[in-house]
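Chain by chain, the residues run as shown.
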Amino acid sequence: MYVCICNGVTDKAIRAAAADGVSSLAELTMRTGCAGTCGACADFAEQVLHEAVPRNARLFDLPILAAA
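Residues numbered from 1 in each chain as written. Predicted model: local features only at pLDDT ≥ 70, side-chain atom pairs only at ≥ 80, totals over all residues. Heavy atoms only, no water.

Caption draft 1: View of the overall build of the protein. Summing up its helical and strand segments, the protein has four helices and two strands in all. Of the regular secondary structure in the protein, the N- to C-terminal order runs β-β-α-α-α-α. A burial count over the protein gives 31% of its 68 residues as buried. Long-range pairs, those at least 24 residues apart, make up 58% of the contacts in the protein between residues at least 6 apart in sequence. Of the accessible surface of the protein, which amounts to about 4,500 Å², a share of 55% is contributed by carbon and sulfur atoms. (Helix = DSSP H or I, 4+ residues; strand = E, 2+ residues; numbered from the N terminus. Buried < 20%, exposed > 50% of the residue type's maximum accessible area, 1.4 Å probe, protein only. Contact = heavy atoms within 4.5 Å. Areas by Shrake-Rupley, 256 points an atom, 1.4 Å probe, with all protein chains shown as cover.)

This is the structure in structure tokens:
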């Protein structure tokens, strides 16, 4: 299912990004463009992302994002 129509990002792409280590909406936007245009999908994209992040994953903040 498409989550971000503006950039053509699907829930499958979000889950794949989570499996690759993406753990925040900001990083998801940088990697896929999801929620980077109009932002209407941001809440749902974040929900899909958080459901897909492995439960035992160690999450680290990206220093550059924290400084922004």
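Caption draft 2: Here's a closer look at the environment of Leu-49. Looking at where Leu-49 falls in the secondary structure, it is placed in helix 3 (residues 42-52). The exposure class assigned to Leu-49 is buried, which follows from its relative accessible area of 0%. Sequence separation between Leu-49 and Ala-19 is 30 residues, and the spatial gap between their C-alpha atoms is 9.7 Å.

Caption draft 3: The nonpolar core, seen in detail. Core analysis: the biggest nonpolar cluster contains 17 residues, and Ile-14, Leu-28, Cys-34, Ala-45 and Leu-49 have the highest contact counts within it. Of all elements in the fold, only strand 1 (2-4), helix 1 (11-19), helix 2 (25-32) and helix 3 reach the threshold of two or more residues within this core. The contact partners of Leu-49, leaving out residues within four places of it in the chain, are Ile-14, Ala-18, Val-22, Ser-23, Ser-24, Leu-25 and Leu-28. (Core = buried A, V, L, I, M, F, W, Y, C linked by side-chain atoms within 4.5 Å.)

Caption draft 4: Layout of helix 3. Within the sequence span of helix 3, burial applies to Ala-42, Ala-45, Val-48 and Leu-49. For helix 3, the angular spread of buried residues about the axis comes to 130 degrees, placing them on one side. Buried residues in helix 3 make contact with strand 1, helix 1 and helix 2. (Arc of directions from axis to C-beta.)

Caption draft 5: Here's a closer look at the packing of helix 1 against helix 3. Axis separation between helix 1 and helix 3 bottoms out at 9 Å; the angle between their running directions is 45 degrees. With respect to their mutual orientation, helix 1 and helix 3 come out oblique. Crossing geometry of helix 1 relative to helix 3 is assigned as right-handed. Seen from helix 1, the contacting residues are Asp-11, Ile-14, Arg-15 and Ala-18; seen from helix 3, they are Ala-45, Val-48, Leu-49 and Ala-52. Of the residues in the contact of helix 1 with helix 3, the class split is six nonpolar, no polar and two charged. (Axes fitted to C-alpha atoms, helices over the stretch in contact; angles between N-to-C directions. Parallel < 35°, antiparallel > 145°, perpendicular 65-115°, else oblique. Left-handed = near helix turned anticlockwise from the far one by under 90°. Nonpolar A, V, L, I, M, F, W, Y, C, P; charged D, E, K, R; others polar.)

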